[in-house]
2 protein chains.
Amino acid sequence: METMSITQATERLRTSGIPVTLQRVEIARVVLSFPTHLSADQVFAKVRERIPETSRATVYNTLKLFREKKLVRELIVDPERRVYDSNTSPHYHLYNAENGQLTDVCADELQVIGMPSLPPGLQLEEVDVIIRVRTRRE
Amino acid sequence: METMSITQATERLRTSGIPVTLQRVEIARVVLSFPTHLSADQVFAKVRERIPETSRATVYNTLKLFREKKLVRELIVDPERRVYDSNTSPHYHLYNAENGQLTDVCADELQVIGMPSLPPGLQLEEVDVIIRVRTRRE
DNA sequence: TTCCATGCAAAGGGTTTGCACTCTC
DNA sequence: GAGAGTGCAAACCCTTTGCATGGAA
């Protein structure tokens with residue numbers, strides 16, 4: 001599997017109603033080519049490899065934009081940083097705080113049942129399930 | 001329902017193997033008297049009302065200590081701050097990002113099934129379920 | 001005396017903001 | 001020429017750290 005082409009990334013942005021710019025295309029290629037769990041700063045570093053004239057602010061702005069347009073999910077798992085998840089199909093997460101590793105758990109494998117009916121006036125946004133693990137100690 | 005007494009708080013600390021100090025007693029009273037979802041700074045402010053000679057560092061240290069001793073759970077729900085949950089029985093959370101309100105959902109009402117068997121060498125720490133909602137828009 | 005526990009202020013790290021410049025429509 | 005997108009650096013906020021003081025065993 002390889003990084004999506006510039007053409008593909010451009011198409012992806014247009015489909016989502018996002019005005020195309022050089023930086024946005026590259027950010028899309030970094031984030032959307034594979035299922036990833038990258039922090040904003042990791043995205044920033046990768047984008048810089050190809051497009052050094054990219055600022056941190058632009059990366060933060062763009063990731064926020066991608067989130068609003070549902071291209072990525074913002075995960076709040078580690079208090080140190082937010083990570084952006086390009087897997088938009090329903091799934092949950094397994095998190096090892098010791099090494100920061102985050103793994104997808106397919107929604108088929110895990111079900112949340114008995115979802116309480118929401119108080120009127122509230123609308124379900126999403127359900128996060130985080131399975132926190134650590135390395136077993138003897 | 002009212003704030004637990006100094007005696008009760010002291011007892012609670014001793015039971016948990018935490019050396020008793022003035023500040024820790026007051027922090028315990030603030031956090032453990034009721035089911036709460038307070039940030040470190042909210043705890044800091046409340047503790048200061050009674051014991052003004054309390055530093056932010058002490059509150060942070062103490063909350064970390066309480067967490068290690070399982071007196072509270074640290075919730076990672078809002079990227080802006082960690083909140084400390086004094087409800088130690090199994091339960092999940094409903095979170096409204098618009099106003100920051102966090103509500104407990106009893107574990108009886110909601111079940112997570114099909115928990116994947118963990119890879120060898122990993123130990124389950126806990127499972128967080130966060131139901132993210134927002135105010136319904138017409 | 002030897003540890004903790006604490007207060008205070010500074011540092012740290014991720015994220016946001018303010019402002020000027022550029023480009024596009 | 002108005003508005004959006006961007007780069008840069010500074011500001012911000014929550015949390016941690018370093019260091020000196022104070023107390024308890």
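Heads up: these notes are all about the structure in this document. (Residues numbered from 1 in each chain as written. Chains lettered and ligands numbered in written order. Predicted model: local features only at pLDDT ≥ 70, side-chain atom pairs only at ≥ 80, totals over all residues. Heavy atoms only, no water.)

## Notes on the overall build of chain A
Part 1: The secondary structure content of chain A amounts to four helices and seven strands.
Part 2: Reading the helices (α) and strands (β) of chain A from amino to carboxyl end gives α-α-β-α-α-β-β-β-β-β-β.
Part 3: Each principal axis of the C-alpha distribution contributes one length, and for chain A these read about 45 × 45 × 30 Å.
Part 4: Across the 138 residues that make up chain A, the buried fraction comes to 45%.
Part 5: Put simply, 48% of the contacts in chain A that link residues at least 6 apart link residues at least 24 apart.
Part 6: Summing over all exposed atoms, chain A offers an accessible surface of approximately 7700 Å²; the carbon and sulfur share of this is 49%. (Helix = DSSP H or I, 4+ residues; strand = E, 2+ residues; numbered from the N terminus. Buried < 20%, exposed > 50% of the residue type's maximum accessible area, 1.4 Å probe, protein only. Contact = heavy atoms within 4.5 Å. Areas by Shrake-Rupley, 256 points an atom, 1.4 Å probe, with all protein chains shown as cover.)

## Looking at the protein's contact with DNA strand C
Part 1: In the vicinity of DNA strand C lie 16 residues, with A:Tyr60, B:Thr21, B:Glu53, B:Ser55 and B:Thr58 positioned nearest.
Part 2: Of what DNA strand C places within 4 Å of the protein, 84% of the atoms are sugar or phosphate.
Part 3: Separating a phosphate oxygen of DNA strand C from a backbone N or O atom of A:Arg82 is a distance of 3.0 Å.
Part 4: For the surface near DNA strand C, the secondary structure elements donating two or more residues are helix 4 (56-68) and strand 3 (81-85) of chain A together with helix 2 (22-32) and helix 4 (56-68) of chain B.
Part 5: Tallying contributions element by element places helix 4 of chain A first for the surface near DNA strand C, with three residues.
Part 6: The residue inventory of the surface near DNA strand C, partitioned by class, reads five nonpolar, five polar and six charged. (Near = heavy atom within 4 Å. Polar contact = N/O pair within 3.5 Å; in protein donor to acceptor, adjacent residues only side chain to side chain. Nonpolar A, V, L, I, M, F, W, Y, C, P; charged D, E, K, R; others polar.)

## As for the protein's contact with DNA strand D
Part 1: The environment of DNA strand D is made up of 18 residues, and the closest members are A:Thr21, A:Glu53, A:Ser55, A:Thr58 and B:Tyr60.
Part 2: Among all atoms of DNA strand D positioned within 4 Å of the protein, those belonging to sugar or phosphate total 84%.
Part 3: Contacts to DNA strand D include B:Arg81, whose side-chain N or O atom sits 3.2 Å from a phosphate oxygen.
Part 4: Mapped by element, the contributors of at least two residues to the surface near DNA strand D are helix 2 (22-32) and helix 4 of chain A together with helix 4 and strand 3 (81-85) of chain B.
Part 5: With four residues, the top contributor of residues to the surface near DNA strand D is helix 4 of chain B.
Part 6: When grouped by side-chain class, the residues that make up the surface near DNA strand D number five nonpolar, five polar and eight charged.

## Things to note about the pattern of salt bridges
Part 1: All told, the structure shown has 22 salt bridges over all chains when counted by the stated rule.
Part 2: Connected via shared salt-bridge partners are A:Arg67, A:Glu74, A:Arg82 and B:Glu80. (Salt bridge = Lys/Arg side-chain N within 4 Å of Asp/Glu carboxyl O.)

## Some points on the sheet that holds strand 7 (residues 122-135) of chain B
Part 1: Across the sheet, six strands lie side by side as 5(A)-4(A)-7(A)-7(B)-4(B)-5(B); this open sheet has mixed pairing. Lying at the two open borders of the sheet, with one neighbouring strand each, are strand 5 (101-106) of chain A together with strand 5 (101-106) of chain B. Pairs of neighbouring strands in the sheet enclose a mean axial angle of 30°, with direction left out of account.
Part 2: In this sheet, strand 5 of chain A lies alongside strand 4 (residues 91-96) of chain A in antiparallel orientation, the contact comprising six bridges. In the sheet register, A:His91 faces strand 5 of chain A, and the bridge partner there is A:Cys106. (Pairing = 2+ DSSP bridges. Axes fitted to C-alpha atoms, helices over the stretch in contact; angles between N-to-C directions.)

## Notes on the relation of the copies chain A and chain B
Part 1: Least-squares fitting of chain A to chain B yields an RMSD of 0.1 Å, with the transformation described by 0.0 Å of translation along the axis and a rotation of 179°. What the rotation and shift describe, once combined, is the action of a two-fold rotation axis.
Part 2: With an isologous cut-off of 70% or more, the 100% of interface residues of chain A that recur at the interface of chain B puts this contact in the isologous class. (Least-squares fit on C-alpha atoms with pLDDT ≥ 70 in both.)

## Observations concerning the side chain of A:Thr54
Residue and element names in this part refer to chain A.
Part 1: Of note, Thr54 is situated in the loop between helix 3 (40-50) and helix 4.
Part 2: Here Thr54 falls in the buried class, since its relative accessible area comes to 3%.
Part 3: Non-local contacts of Thr54, meaning those with residues more than four positions away in its chain, are made with Gln23, Phe44, Val47, Arg48 and Val59.

## Remarks on the interface of chain A and chain B
Part 1: Residue-level contacts link 35 residues of chain A with 35 residues of chain B.
Part 2: Of the roughly 3300 Å² buried at the junction of chain A and chain B (both faces included), carbon and sulfur atoms supply 56%.
Part 3: Of the charged contacts, one joins A:Glu125 and B:Arg134 as a salt bridge, the two residues approaching to 3.2 Å between their closest N and O atoms.
Part 4: Inspection of the chain A/chain B interface yields 16 residue pairs in polar contact (both at pLDDT 80 or more). (Buried area = accessible area lost by both parts, 1.4 Å probe.)

## Quick word on the environment of B:Gly100
Part 1: As for its placement among the helices and strands, B:Gly100 is situated in the loop between strand 4 (91-96) and strand 5.
Part 2: With 52 residues separating them in the primary sequence, B:Gly100 and B:Arg48 have C-alpha atoms 23 Å apart.

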